[in-house]
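Report on the structure
Each chain, letter by letter, is given below.
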There are 2 protein chains.
Amino acid sequence: MQVPSPSTREAASMYGTAVAVFLVILVAALQGSAPPKSPFPYRIPLDPEGTLELSWNVSYTQETVYFQLLVRELKAGVLFGMSDRGEMENADLVVLWTDGDSAYFGDAWSDQKGQVHLDSQQDYQLLRAQRTPEGLSLLFKRPFGTCDPEDYVIEDGTVHLVYGILEEPLRALETINTSGLQTGLQRVQLLKPNISIPALPADVRTMEIRAPDVLIPGQVTTYWCHITELPEGFSLHHIVMYEPIVTEGNEALVHHMEVFQCAAEFQSFPQFSGPCDSKMKPERLNYCRHVLAAWALGAKAFYYPEEAGLAFGGPGSSRFLRLEVHYHNPLKIKGRRDSSGIRLYYTATLRRFDAGILELGLVYTPVMAVPPQETAFVLSGYCTDKCTQLALPPSGIHIFASQLHTHLAGRKVVTVLARDGHEMEVVNRDDHYSPHFQEIRMLKKVVSVHPGDVLITSCTYNTEDRKLATVGGFGILEEMCVNYAHYYPRSQLELCKSAVDPGFLQKFFHLVNRFNSEEVCTCPQASVPEQFASVPWNSFSRQVLGALYGFAPISVHCNKSSAVRFQGEWDRQPLPEIISKLEEPSPRCAASRRQSPAGPAVVSIGEGEG
Amino acid sequence: MQVPSPSTREAASMYGTAVAVFLVILVAALQGSAPPKSPFPYRIPLDPEGTLELSWNVSYTQETVYFQLLVRELKAGVLFGMSDRGEMENADLVVLWTDGDSAYFGDAWSDQKGQVHLDSQQDYQLLRAQRTPEGLSLLFKRPFGTCDPEDYVIEDGTVHLVYGILEEPLRALETINTSGLQTGLQRVQLLKPNISIPALPADVRTMEIRAPDVLIPGQVTTYWCHITELPEGFSLHHIVMYEPIVTEGNEALVHHMEVFQCAAEFQSFPQFSGPCDSKMKPERLNYCRHVLAAWALGAKAFYYPEEAGLAFGGPGSSRFLRLEVHYHNPLKIKGRRDSSGIRLYYTATLRRFDAGILELGLVYTPVMAVPPQETAFVLSGYCTDKCTQLALPPSGIHIFASQLHTHLAGRKVVTVLARDGHEMEVVNRDDHYSPHFQEIRMLKKVVSVHPGDVLITSCTYNTEDRKLATVGGFGILEEMCVNYAHYYPRSQLELCKSAVDPGFLQKFFHLVNRFNSEEVCTCPQASVPEQFASVPWNSFSRQVLGALYGFAPISVHCNKSSAVRFQGEWDRQPLPEIISKLEEPSPRCAASRRQSPAGPAVVSIGEGEG
């Protein structure tokens, strides 16, 4: 099939528009309160070698993302786009390709077999193509939602970016099948919150937590553990900001980093710098789990709200810190040295409020389980009105950031705030959640939680590849459903989670036996994981388990720390009743889409000035 | 808020386009095999007085409906549109309005409070506005699907058309609330199938079945029953076509008509012409239930396929026919006389095949029940592979028309054909089904059913207004789920339906008792309706009942007539296993939508020639 090519006049006029639009962007970017150095404040390498580099910016007023894709070594073209979970099939793509004579840029999509098709509606709009000393730079934009059923909707939370390299000129776009290309994926939060950056205090000081001169192992995945310590007598401070320090040249290798504080009950911790799964790693390092800072690829600096800071130092807290660096090295590059880490910005002039972390979701217990072969099974954990009533200060708390957490089967996570039975707002939602990309995210809007409010955290799991039920627990093949909510002012409430009442779960096993041939042992000596392992999973037992979780009373953990409960009766509590739900977010169609061209654009590549 | 008005030049250019498009339609219409008299073959009155009259035509290639709305007595404007079930809230509207100076035509929508808003995307496109001797005639078009989330998607099956009358000029469109207007609804199948009309045989004869000179009662609803008889010795014929005869002037009153043949076991039936619910109506007329012909408002002639006809007359069949006319008279007009009826076209030269009617869906039994307060509870009835294997001819049968049937809680009905566990095609679907509008519909595509195929008929019920469970049965407050499939060649199979195994339903009642306080009597003397009446309906019992219906074995009725089964074991049959489902129909976005104007059009009303 021949690709229709627009006339030269059309192409010229498009190019004219593009330049005008780009100037508008530049001007708009410069009007921001804190003018960024570049109109594209966010940048990540797409491939392990960094030959494709994506920069982007978000216009919330236009509901549009502006992309700048740098192609360092252009062959015959590139594919770039998004898909649900990073697969190259059913992907929403832009393709730059050449037939040998001309170069084209078009909005395309791949079907479930990876076959590429030109999209009947062109929603990616090329604004500029320019040759620069670094490579070809493509500037284009895409509305968040296009109302084209073939198109991906750009939502809050994780976005799986995909790319592919075209090695040879093509007769036509339709000859591409993504299975034949060099391809890859990169996870990123595209829609960064558009929040104003709080001013730093005058007496701010910095501290670099780095693992110096690490020889990155020549294997795909390495978690590097490094112990460091605060100066002796380091008094109580507030961390007010932190930012990543990534060794130049290693941008594509450093996937995420976290700084943990060790437990105060131990006087000292041994020195260690090595892989976290090393047999040499001292056992005691497992007690360094209190998060001070966390960064993941694509994230910028993390700022605490002006009125709050994270306490560290001083009596009653450990001087020992553990830095964990995740190196992602799919090409198994050897001999690379790295000194990446995190730079903490802290102040001795304590801010008005301490920040705290509240753990929401499910208790780690096998009574919460997901049947095997499910594509989207939902489990919910509740922080009940009774707990928030008892444990939160009268003026409430303010959640400003959130880190979602599941194990390998997690696919979506959402926490919703409900008041008097009505769902009020989303605390954090990630419909393309990946357990491989768990970053602390600033919320677009601070969520205030008052005594009597309910917080419902729901996780969606995929167990298509499993033969037995997946039960809750600590193991990597068991599951969790957690939202670490970062909030202020810090309260005594550290953990507010739930699980189904174990007695009702036993009724479920009895019921399964009544509808099938008595396969589940309901005798006292059977453990819950054993019982789940013997359930015959059919449409009935699956649905009844889901219905049970949506109906049976719950045990609530309303705790000051992981072991100390608030006083009260927390067993066999009624499930919070929800009278009205929030509407599902439905993408708005971009108003601008009528202006988009009907076919691919012929690309005329200008020479850059730089 | 001021409505933006396009410049005169724009309006003029739009008008130019409109005339051109209209000419294209006229030409297209004339190219059809049997050129219709009008480019708008379908016509219905919208309001009881017939002051608004809608004509329309469907272009399947453009996926667009062309509407011609005749407004006989224009006041300050009209609203016309569509909504899910005929409500004026959440409706997709076009509005013709005047501010006293100019007239405007715009695409609008009403929110859940009935407040009217101009649509940001104008998908109704005005093609012509013309003053004719009969009134103002508006010609406009709308794609089936627009991809505008505010817009109604025009689908197969019932469409609820709504209208409203504007009495006074408006400052702005946004001042309209539909609750303050004279409004109404009309149900119709908009997307009439585009099938070629079979030629009638040379020896075709006609017979008019009419209730002559009926004085239409001055009440909203009347079902009129009229007994008529075939001539003595009337031999076996084939009905090949029938069409409505509606007395002129009563087009808005005659809602639907059906002709039934009486039971052959009675030698004669008494004469009667009167309301069907009259106390004077002879009891015996209840035995006149075999459908020969059915028509409803908006429908045109019904043609049998060229190779088939409906047998009537001859030995072994009753000479007596019952005509039923439903008069819908919301204004309670008195004194109107009517002689409407149905004209049968029949031939003595029998066609190759007899047509037959196969009853699909649920057995009329209380074991199939819908909990109260449900908004969309689905029950499914199965015609199993075992039954079709046994009862259908080796070459299969061909379904060419279908009449869907539920009682008052029915909201959707669909029948799907499955083969080897894969859903293959939809036999008939109505996602806006109304129990008040049950017409026989020609299928767009004849569906062939082979031995071993499975037919699944699913009905969606709304019981929001009910306090107790709704059980299956014959009563108007009990429910049915039936598809009368019209097919050829006629086979012995008259009925192929199912219901859940009663033993499994008892397990459900036991289970409910285990999770609640033993409220359901599971003793032998309790009837199923009594048991359902004592179920405590909560999220668990509701979902478990749904899961049971999707899992438990079924009793199959595979019958030659309503009382005579085919030989075989039909109890405790496994539910047909479905490995792959059909995709939900997702509306295609009209490719033409980029051409639509961004705001309302100023209407310049030309004088007609007629």
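Check the entry above for the structure.
Keep in mind it's a predicted model, so treat the numbers as computed, not measured.

Each value, and the rule that gives it
- Residues numbered from 1 in each chain as written.
- Chains lettered and ligands numbered in written order.
- Predicted model: local features only at pLDDT ≥ 70, side-chain atom pairs only at ≥ 80, totals over all residues.
- Heavy atoms only, no water.
- Pairing = 2+ DSSP bridges.
- Helix = DSSP H or I, 4+ residues; strand = E, 2+ residues; numbered from the N terminus.
- Axes fitted to C-alpha atoms, helices over the stretch in contact; angles between N-to-C directions.
- Parallel < 35°, antiparallel > 145°, perpendicular 65-115°, else oblique.
- Left-handed = near helix turned anticlockwise from the far one by under 90°.
- Contact = heavy atoms within 4.5 Å.
- Nonpolar A, V, L, I, M, F, W, Y, C, P; charged D, E, K, R; others polar.
- Disulfide = S-S within 2.5 Å.
- Buried < 20%, exposed > 50% of the residue type's maximum accessible area, 1.4 Å probe, protein only.
- Salt bridge = Lys/Arg side-chain N within 4 Å of Asp/Glu carboxyl O.
- Least-squares fit on C-alpha atoms with pLDDT ≥ 70 in both.
- Buried area = accessible area lost by both parts, 1.4 Å probe.
- Polar contact = N/O pair within 3.5 Å; in protein donor to acceptor, adjacent residues only side chain to side chain.

Let's talk about the sheet that holds strand β27 (residues 377-383) of chain B
Residue and element names in this part refer to chain B. What the four strands build is an open sheet, ordered β27-β32-β29-β30; its pairing is antiparallel. The open sheet has two edge strands with one neighbour each: β27 and β30 (422-430). Direction aside, neighbouring strands of the sheet carry axes that sit 20° apart on average. Summarising the sheet, β27 and strand β32 (residues 454-461) pair through seven bridges and their orientation is antiparallel.

Some points on the packing of helix α3 (residues 502-515) of chain B against helix α5 (residues 539-549) of chain B
All names here are of chain B. Two numbers describe how α3 lies on α5: the axes approach to 11 Å, and their chain directions differ by 160°. In terms of orientation, α3 lies roughly antiparallel with respect to α5. Seen along the crossing, α3 lies across α5 with a hand that is right-handed. Within the contact between the two elements, α3 uses Phe504, Leu505, Phe508, Leu511, Val512 and Phe515 and α5 uses Phe540, Ser541, Val544, Leu545 and Leu548. Residues of the contact of α3 with α5, tallied by class, amount to 10 nonpolar, one polar and no charged.

Section: the state of the cysteines
Each disulfide consists of a covalent bond between the sulfur atoms of two cysteine residues. The full count for this structure, using the stated rule, is 11 disulfides over all chains. At a sulfur-sulfur separation of 2.1 Å, the disulfide partner of A:Cys225 is A:Cys276. Measuring the twist about the S-S bond at about 105°, one finds the A:Cys225-A:Cys276 disulfide to be right-handed. Of this pair, A:Cys225 sits in strand β14 (residues 221-229) while A:Cys276 sits in the loop between β17 (273-275) and β18 (288-296), and the two are 51 residues apart along the sequence. Here A:Cys225 falls in the buried class, since its relative accessible area comes to 0%. With a sulfur-sulfur separation of 1.8 Å, B:Cys521 is cross-linked through a disulfide to B:Cys523. On the S-S bond that ties B:Cys521 to B:Cys523, the torsion sits near 85°, and the link is right-handed. For B:Cys521, a relative accessible area of 35% puts it in the partly exposed group.

A look at the pattern of salt bridges
Residue and element names in this part refer to chain B. Tallied over the entire structure, the rule returns 41 salt bridges over all chains. With its nearest N and O atoms 3.7 Å apart, the salt bridge here joins Glu53 to Arg43. Of the two residues, Glu53 is situated in strand β2 (residues 52-59) and Arg43 in strand β1 (residues 42-45); the sequence distance between them amounts to 10 residues. Of the residues examined, Glu53 reaches a relative accessible area of 16% and is grouped as buried. The partner of Arg441 in a salt bridge is Asp430, with the nearest N and O atoms 2.8 Å apart. Placement of the pair is Arg441 in strand β31 (residues 441-449) and Asp430 in strand β30, with a sequence separation of 11 residues.

Some points on unusual backbone geometry
A cis amide bond links A:Tyr488 with the next residue in sequence, A:Pro489, at an omega value of -10°. Position of A:Pro489 relative to the elements: it lies in the loop between β34 (481-488) and β35 (495-500). One non-glycine residue with positive phi stands out, namely B:Asp420, at about 50°. Structurally, B:Asp420 is set in the loop between β29 (410-419) and β30.

Some points on the packing of helix α5 (residues 539-549) of chain A against α5(B)
The geometry of α5(A) relative to α5(B) is characterised by a closest axis approach of 9 Å and an angle of 170° between their N-to-C directions. Taken as axis vectors, α5(A) and α5(B) run roughly antiparallel relative to one another. Judged by residue contacts, A:Phe540, A:Gln543, A:Val544, A:Ala547 and A:Leu548 of α5(A) engage B:Phe540, B:Gln543, B:Val544, B:Ala547 and B:Leu548 from α5(B). Residue classes in the contact of α5(A) with α5(B) are distributed as eight nonpolar, two polar and no charged.

Brief notes about the relation of the copies chain A and chain B
Superposing chain A onto chain B takes a rotation of 180° combined with a translation of 0.1 Å along the rotation axis, leaving an RMSD of 0.1 Å. The transformation just described matches what one would write down for a two-fold rotation axis. A symmetric contact is evident, with 96% of the interface residues of chain A recurring at the interface of chain B.

Quick look at the interface of chain A and chain B
Each partner contributes residues to the interface: chain A has 28 residues there, and chain B has 27 residues. Taking both partners together, chain A and chain B bury about 2,400 Å²; carbon and sulfur atoms supply 61% of that area. Along the contact surface separating chain A from chain B lie zero salt bridges. Between chain A and chain B we count three residue pairs in polar contact (both at pLDDT 80 or more) in total. Elements represented by at least two residues in the side of chain A that touches chain B include exactly α3 (502-515) and α5 of chain A. Looking at the side of chain A that touches chain B element by element, the count peaks at seven residues for α3(A).

These results come straight from atomic positions and should not be treated as a statement about function.
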